[in-house]
Amino acid sequence: MTQSKHFDAIVIGGGPAGMTAGIYLSRARLSTLIVSDGVLGGQMVLTHEIANYPGVESISGYQLSNIMKKQAKNFGCVIKGNTSVVSLDLEGEVKQVALSDGNVYTANVVILTPGGRSRTLNVEGEAQFKGQGISYCATCDGDFFTDREIVVVGGGNSALEEAVSLTKYASKVTIVHQFDHFQAFEHAVEEAKAHPKIHFRMESSITRFYGNEKLESVDIKNLSTHEVENFKTDGVFIFIGYVPNTEFLKGKLEMNQWNEIKVNSDMLTSIPGVFAAGDSIVKRYRQVTTAVGDATVAALAASNFIHQLKTNQLHETLAS
Ligand SMILES: Cc1cc2nc3c(=O)[nH]c(=O)nc-3n(C[C@H](O)[C@H](O)[C@H](O)COP(=O)(O)OP(=O)(O)OC[C@H]3O[C@@H](n4cnc5c(N)ncnc54)[C@H](O)[C@@H]3O)c2cc1C
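No experiment lies behind these values; they were computed from the predicted model shown.

Calculation notes
Residues numbered from 1 in each chain as written. Predicted model: local features only at pLDDT ≥ 70, side-chain atom pairs only at ≥ 80, totals over all residues. Heavy atoms only, no water. Near = heavy atom within 4 Å. Polar contact = N/O pair within 3.5 Å; in protein donor to acceptor, adjacent residues only side chain to side chain. Areas by Shrake-Rupley, 256 points an atom, 1.4 Å probe, with all protein chains shown as cover. Axes fitted to C-alpha atoms, helices over the stretch in contact; angles between N-to-C directions. Helix = DSSP H or I, 4+ residues; strand = E, 2+ residues; numbered from the N terminus. Parallel < 35°, antiparallel > 145°, perpendicular 65-115°, else oblique. Left-handed = near helix turned anticlockwise from the far one by under 90°. Contact = heavy atoms within 4.5 Å. Pairing = 2+ DSSP bridges. Nonpolar A, V, L, I, M, F, W, Y, C, P; charged D, E, K, R; others polar. Buried < 20%, exposed > 50% of the residue type's maximum accessible area, 1.4 Å probe, protein only. Arc of directions from axis to C-beta. Core = buried A, V, L, I, M, F, W, Y, C linked by side-chain atoms within 4.5 Å. Salt bridge = Lys/Arg side-chain N within 4 Å of Asp/Glu carboxyl O.

Quick notes on the site of the ligand
Point 1. Surrounding the ligand, one finds 31 residues, the nearest of these being A17, D37, Q43, D279 and V288.
Point 2. One of the backbone N or O atoms of A17 is found 3.0 Å from an oxygen atom in the ligand.
Point 3. At a separation of 2.8 Å, an oxygen atom of the ligand approaches a polar backbone atom of D279.
Point 4. Starting from 1000 Å² of accessible surface for the ligand in isolation, the protein chains cover 91%.

Topic: the packing of helix α1 (residues 16–27) against helix α2 (residues 61–74)
Point 1. Contact geometry for α1 and α2: axes closest at 8 Å, N-to-C directions at 25°. Judged by the inter-axis angle, α1 sits roughly parallel to α2. α2 is crossed by α1, and the crossing has left-handed handedness. Residues P16, M19, I23 and S26 of α1 lie in contact with α2, whose contacting residues are S65, M68, K69, Q71 and A72.

Some remarks on the sheet that holds strand β10 (residues 172–176)
Point 1. Spatial ordering of the open sheet is given by β8-β15-β9-β10-β11, a layout of 5 strands whose pairing is parallel. Edge positions in the sheet fall to β8 (134–135) and β11 (198–201), since each has one partner strand and no second.
Point 2. One ladder, built from 2 bridges, connects β8 with strand β15 (residues 235–238); its direction is parallel. Along β15, the bridge assignment pairs I134 with V236.
Point 3. Sheet contacts for helix α5 (residues 157–166): β9 (149–153), β10, β11 and β15; angle to β9, the most-contacted strand, approximately 165°.

Let's talk about the pairing of strand β4 (residues 85–89)
Point 1. Inspection of the sheet shows β4 paired to strand β5 (residues 95–99) by 4 bridges, in the antiparallel sense. Bridge pairing in β5 links V85 to L99.
Point 2. Once β4 ends, the chain turns through 5 residues before running back antiparallel as β5, passing G92 with a positive phi of about 80°.

Let's talk about the pairing of strand β14 (residues 228–232)
Point 1. Sheet topology note: the strand β13 (residues 215–222)/β14 ladder contains 5 bridges and is antiparallel. Bridged to S217 within β14 is K232.
Point 2. Hairpin connection between β13 and β14: a loop of 5 residues separates the two successive antiparallel strands, and H226 in this loop has a positive phi of roughly 70°.

Focus: the sheet that holds β13
Point 1. Strand order in the open sheet formed by 3 strands is β12-β13-β14, with antiparallel pairing between adjacent strands. Single-partner strands in this sheet number two, and they are β12 (204–211) and β14. Shown here is a sheet whose adjacent strand axes are inclined to one another by a mean of 25°, direction ignored.

Thoughts on the packing of α1 against helix α7 (residues 288–319)
Point 1. Put simply, α1 and α7 touch, their axes get as near as 8 Å, and they point 35° apart. When the axes of α1 and α7 are compared, the crossing they make is right-handed. Contacts between α1 and α7 pair P16, A17, T20, A21, Y24 and L25 from the former with V288, A291, V292, A295, T296, A299, L300, A302 and S303 from the latter.
Point 2. Residues that form the contact of α1 with α7 fall into these classes: 12 nonpolar, 3 polar and no charged.

Focus on helix α6 (residues 186–194)
Point 1. All buried positions along α6 are accounted for by A188, V189 and A192. Buried residues in α6, looked at end-on, bunch into an arc of 100°, giving them a common side. Exposed residues on α6 whose side chains face more than 90 degrees from its buried face are E186, H187 and A194.

Structural notes on the nonpolar core
Point 1. With 55 residues, the main nonpolar core has I10, L25, I111, L112 and L253 as its most contacted residues.
Point 2. When sequence neighbours within four positions are dropped, the list of residues in contact with I111 reads I10, V11, I12, A21, L25, F275, A298, A299 and A302.
Point 3. Listed in part, the 19 residues of the second largest apolar core include V152, L166, A170 and V173.

Focus: the pattern of salt bridges
Point 1. Summed over all chains, the structure comprises 7 salt bridges.
Point 2. The salt bridge partner of D8 is K310, with a shortest N-O separation of 2.9 Å. Note that D8 is positioned in strand β1 (residues 4–12) and K310 in helix α7, a separation of 302 residues in sequence.
Point 3. When its relative accessible area of 9% is taken as the criterion, D8 is described as buried.
Point 4. For E247, the salt bridge identified is with R117, shortest N-O distance 2.7 Å. Of this pair, E247 sits in the loop between β16 (242–244) and β17 (274–276) while R117 is found in strand β7 (residues 116–118), placing the two residues 130 residues apart along the sequence.
Point 5. Looking at R117, the relative accessible area reads 37%, which means it is partly exposed.

Structure follows, in structure tokens:
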């Protein structure tokens, strides 16, 4: 049977941004529902070690996620994992969110924190060998490539950091990158360049994957000479950016050409009462700390919005 319940706020997405919003809102004694279509923790749970979260020297993404979830629950936040949004109406004073559990929830405020996902190369054989030699997560699959020779695709922070972390397992890591320079922090570039197990194929890209049951080789094309070399490899890790999980928001609010949600400095979207935070918004640096930071702003601004709304409603009641 369909249930309908009203919350002060509904948070869509259960990564670090969503859980931070949940912690702040429920601690402000606002009834809050977090809905997440995957496991709680989002991309954070793909990270074997988070060493740059201030105040915590080193922690796994899974552990940090569990702590955030516990904090949110302790303050009274209701959390629904593995539940997706079927439809949502963000217009008007009362927002409506229908979920895959068959229930419909309403709220005065919605905070959108759907994060993003790995971008794929989209070349022949990629879909076939995904999970059979091709991976997008070093933490999940690195161990399978112990003493093997692997390739890492990409030239940003994720690619370089994960290439270094993969040297714990692999005997050789070849980084394939389309440009002649990296788009990463200098310390990440230096660490990768100094590592004896890491080799580079710059101005190159993978154009095809080959194998039988498992991946056996790739074609690497040199983008300046156009030469193609068949390169034997046991595994390929692809870290070439991300796609925001905002498909379900198309046409509902303002986004940029990459489907990132536009927000102001209060994390307010183009719709009153609808805020957004984390990797899905227009921003340059995507980290747990930045997700947590802008979710804090979104939750505080949302609390203030609800307070104003309730004060106005009280005044209207008293005046009538
Ligand atoms: C391999 C890897 C390593 C990383 N290492 C680090 C690191 O060491 N330090 C660091 O600070 N950052 C690191 N990051 C980045 C960090 O994980 C992200 O910046 C951060 O998780 C973003 O948080 P978020 O809450 O915005 O989104 P996400 O973590 O992506 O969480 C979004 C959540 O929303 C859910 N969702 C999406 N759409 C819907 C929907 N329609 N309905 C309901 N739920 C939905 C998703 O399932 C997901 O659970 C790493 C990322 C990766 C991929």
